[in-house]
Amino acid sequence: MMNKEKILVIGANGQIGTALLPKLQEIYGEDGVIASDLQATNPPKSVFETLDATQPTALQALIKKHNITQVYHLAAVLSAKGEANPLQAWEINMQTLLNVLEAARNLNLKKVFIPSSIAVFGESAPHQFTPQQAYLDPTTVYGISKVAAENWCLYYHKRYQVDVRSLRYPGVIGYQSLPGGGTTDYAVEMYHKAVAGENYTCYLQENTRLPMIYMEDVLRATIELMEAPADQISVRTSYNLAGTSFTPAELYENIKLLFPDFQCGFVPDFRQAIADSWPESIDDTSAQKDWGWKPKFDLSQITTEMITHLSKQLIG
Ligand code: SER
């Protein structure tokens, strides 16, 4: 069993980690995936290790203990939360990233996944159909940390041949867990409120169009990228990735088709400026060409899925 893969997920309790873990377990087996985060969930994920990824020695010890071959590094302070304490967000995002890349180099990991984000784009990039190669002048500390992360990934790939791969995720919508601290979180919140029979006040203006993606598409994109042959990966910073794009008003209208009594108000806060600096839609031609990316879920399909799953959770 020399070639058996052993996967470490850092940030396994987060929005994407919670959904990705079972998918990875399907592929690599329950014993093939180690979940890690600052604290265990109750009950803990099948194989769970407490890890503070800002600590390089602890990270490397964990990788050695479980003979880890691949790391998915999903821990980060997101765009809105990062603005409350920019230096702390920078510290956490960069320290954990560099610890993972150093571990990959020193312990000869086969592959590493580092997520990036539409937050790398700022005012200078075209907002419609934002291209892969655009001038990156992000407005948030989260965006700055992701631009730096993308360049560090390229650096470790070129200089040390680390097989590190990355996607610029749009706003991620899933029923598995609540997002935390992002600017695109309103979409998931709106679904939760509608299903709970409550009204919602959106913190973005109704006409703010942002790139979004359903969790099933996120998981498939991530796994397809990680399974693609290394010589097909031409982008070693981070791939643009498109799902769909919509505004809070379009989401509201869509939900109202199923919940006619649902009411949503719009009271923008500081997150409006962040959203205004981001793309409205994404050109992901490189991902399509290199490893065949194609999203499956549009807004109405996402709404059907979200409402079905959240309704079941509510009854359950
Ligand atoms: N969803 C993230 C955020 O809003 C973007 O990566 O911060």
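Residues numbered from 1 in each chain as written. Predicted model: local features only at pLDDT ≥ 70, side-chain atom pairs only at ≥ 80, totals over all residues. Heavy atoms only, no water.

Draft legend 1. Looking closely at the side chain of Gln70. Secondary-structure assignment places Gln70 in strand 4 (residues 70–73). Gln70 sits in the buried class, given a relative accessible area of 2%. Polar side-chain contacts of Gln70 include one of 3.0 Å to the side chain of Glu5. In this structure Gln70 touches Glu5, Lys6, Ile7, Leu8, Tyr28, Lys111 and Met226, once residues within four positions along its chain are discounted. (Helix = DSSP H or I, 4+ residues; strand = E, 2+ residues; numbered from the N terminus. Buried < 20%, exposed > 50% of the residue type's maximum accessible area, 1.4 Å probe, protein only. Polar contact = N/O pair within 3.5 Å; in protein donor to acceptor, adjacent residues only side chain to side chain. Contact = heavy atoms within 4.5 Å.)

Draft legend 2. Geometry of the packing of helix 8 (residues 248–258) against helix 11 (residues 299–315). One way to put it is that helix 8 packs onto helix 11 with a least axis distance of 10 Å and a crossing angle of 50 degrees. Taken together, the axes of helix 8 and helix 11 lie oblique to each other. Note on packing geometry: the crossing formed by helix 8 with helix 11 is right-handed. Across the interface between the two elements, Glu250, Leu251, Asn254, Ile255 and Leu258 from helix 8 touch Leu299, Ser300, Thr303 and Ile307 from helix 11. Of the residues contributing to the contact of helix 8 with helix 11, the split by class is five nonpolar, three polar and one charged. (Axes fitted to C-alpha atoms, helices over the stretch in contact; angles between N-to-C directions. Parallel < 35°, antiparallel > 145°, perpendicular 65-115°, else oblique. Left-handed = near helix turned anticlockwise from the far one by under 90°. Nonpolar A, V, L, I, M, F, W, Y, C, P; charged D, E, K, R; others polar.)

Draft legend 3. Representation of the site of the ligand in the model. The immediate surroundings of the ligand are formed by Leu78, Ser79, Ser117, Tyr142, Gly182, Thr183, Thr184 and Trp278. Tyr142 is positioned with one of its side-chain polar atoms (N or O) 3.1 Å from an oxygen atom of the ligand. At 2.8 Å from a nitrogen atom of the ligand is found a side-chain nitrogen or oxygen belonging to Thr184. Contact with the protein chains covers 93% of the free accessible surface of the ligand, which is 240 Å². By residue class, the composition of the shell around the ligand is three nonpolar, five polar and no charged. (Near = heavy atom within 4 Å. Areas by Shrake-Rupley, 256 points an atom, 1.4 Å probe, with all protein chains shown as cover.)

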